[in-house]
Amino acid sequence: MRTSLNVPDDLLSAFDETWAAEGYESRSRAVREAMREYVERHAALEDREGEVVAALVFDYDHHEVIEALHSVQHDYQDVVQSTSHVHQGDWCLETVYCRGPAERVRELVYRLRDFDGVGQVKTTTLAPAATF
């Protein structure tokens, strides 16, 4: 199926350089692979059940979303264990360490991704060791 997308010029240039360097035969092939990886990451998060430990790493425009992000973190204080925050000019990098039901951690991830001022959210989840 053919489709069209609006992509910023700088992102498209970086994407084209990347797929060419990796040896893909076309942009379409690289887009399909990127979409497949996105779906797999989503499935990995959705498939988690029971108690998990997680690190959520995200970047954001401090002035645009800081109050709303703090409010969301308070809404999920049942799973948020601690946070680490670093300033990068007007942009910030934050890591939120979580422990609790996978469903609650998923909800938090999706809430964080819902902000326009958040650039990206990366997650690592693990089943906690029995010794915890």
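Residues numbered from 1 in each chain as written. Predicted model: local features only at pLDDT ≥ 70, side-chain atom pairs only at ≥ 80, totals over all residues. Heavy atoms only, no water.

## Focus: the overall build of the protein chain
Alright, step 1. Assigned secondary structure in the protein chain consists of 4 helices and 4 strands.
Alright, step 2. Start at the N end of the protein chain and walk to the C end: the helices and strands fall as α-α-β-α-β-β-α-β.
Alright, step 3. Counting every position in the protein chain, which comprises 132 residues, the buried fraction comes to 26%.
Alright, step 4. For the protein chain, long-range pairs separated by at least 24 residues make up 68% of all intrachain contacts whose partners lie at least 6 apart in sequence.
Alright, step 5. As presented, the protein chain carries roughly 9200 Å² of accessible surface, and 49% of it is formed by carbon and sulfur atoms. (Helix = DSSP H or I, 4+ residues; strand = E, 2+ residues; numbered from the N terminus. Buried < 20%, exposed > 50% of the residue type's maximum accessible area, 1.4 Å probe, protein only. Contact = heavy atoms within 4.5 Å. Areas by Shrake-Rupley, 256 points an atom, 1.4 Å probe, with all protein chains shown as cover.)

## Details of the packing of helix α2 (residues 27-47) against helix α4 (residues 102-113)
Alright, step 1. At their nearest, the axes of α2 and α4 sit 10 Å apart, and the two run at 140° to each other. It follows from the interaxial angle that α2 and α4 lie oblique. Along the contact surface, α2 presents His42, Leu45 and Glu46, while α4 presents Arg106, Val109, Tyr110 and Arg113.
Alright, step 2. Looking at the contact of α2 with α4 residue by residue, the class counts come to 3 nonpolar, 1 polar and 3 charged. (Axes fitted to C-alpha atoms, helices over the stretch in contact; angles between N-to-C directions. Parallel < 35°, antiparallel > 145°, perpendicular 65-115°, else oblique. Nonpolar A, V, L, I, M, F, W, Y, C, P; charged D, E, K, R; others polar.)

## Topic: the nonpolar core
Alright, step 1. Core analysis: the largest hydrophobic core is formed by 24 residues, its most contacted members being Leu56, Phe58, Tyr60, Leu69, Cys98, Leu108 and Leu112.
Alright, step 2. Looking at this core, the elements with two or more residues in it are β1 (51-61), α3 (62-75), β3 (91-101), α4 and β4 (118-126).
Alright, step 3. Aside from chain neighbours lying at most four places away, what touches tyrosine 60 is Val65, Ile66, Leu69, His85, Asp90, Trp91, Cys92, Glu94, Gly117, Val118 and Gly119. (Core = buried A, V, L, I, M, F, W, Y, C linked by side-chain atoms within 4.5 Å.)

## Quick notes on the environment of valine 79
Alright, step 1. Note on placement: valine 79 falls in the loop between α3 and β2 (80-88).
Alright, step 2. Classification of valine 79 by relative accessible area gives buried; the value is 0%.
Alright, step 3. On a C-alpha basis, the gap between valine 79 and proline 128 in space is 13 Å, while along the polypeptide they are 49 residues apart.
Alright, step 4. Sequence-distant contacts of valine 79, that is, excluding residues within four places in its chain, are made with Tyr97, Cys98, Arg99, Gly100, Pro101, Arg104 and Val105.

## Quick word on the sheet that holds β2
Alright, step 1. As summarised here, the arrangement of the 4 strands in space is β2-β3-β1-β4, forming an open sheet in which the pairing is antiparallel. Only two strands of the sheet have a single partner each, and these edge strands are β2 and β4. Across the sheet, the mean angle separating the axes of adjacent strands is 15° when strand polarity is ignored.
Alright, step 2. Direction of pairing for β1 relative to β4: antiparallel, over a ladder of 8 bridges. For leucine 56, the partnering residue across the bridge sits in β4 and is threonine 123.
Alright, step 3. Each of β1, β2, β3 and β4 is contacted by α4, which is oriented at about 160° to β3, the strand it contacts most. (Pairing = 2+ DSSP bridges.)

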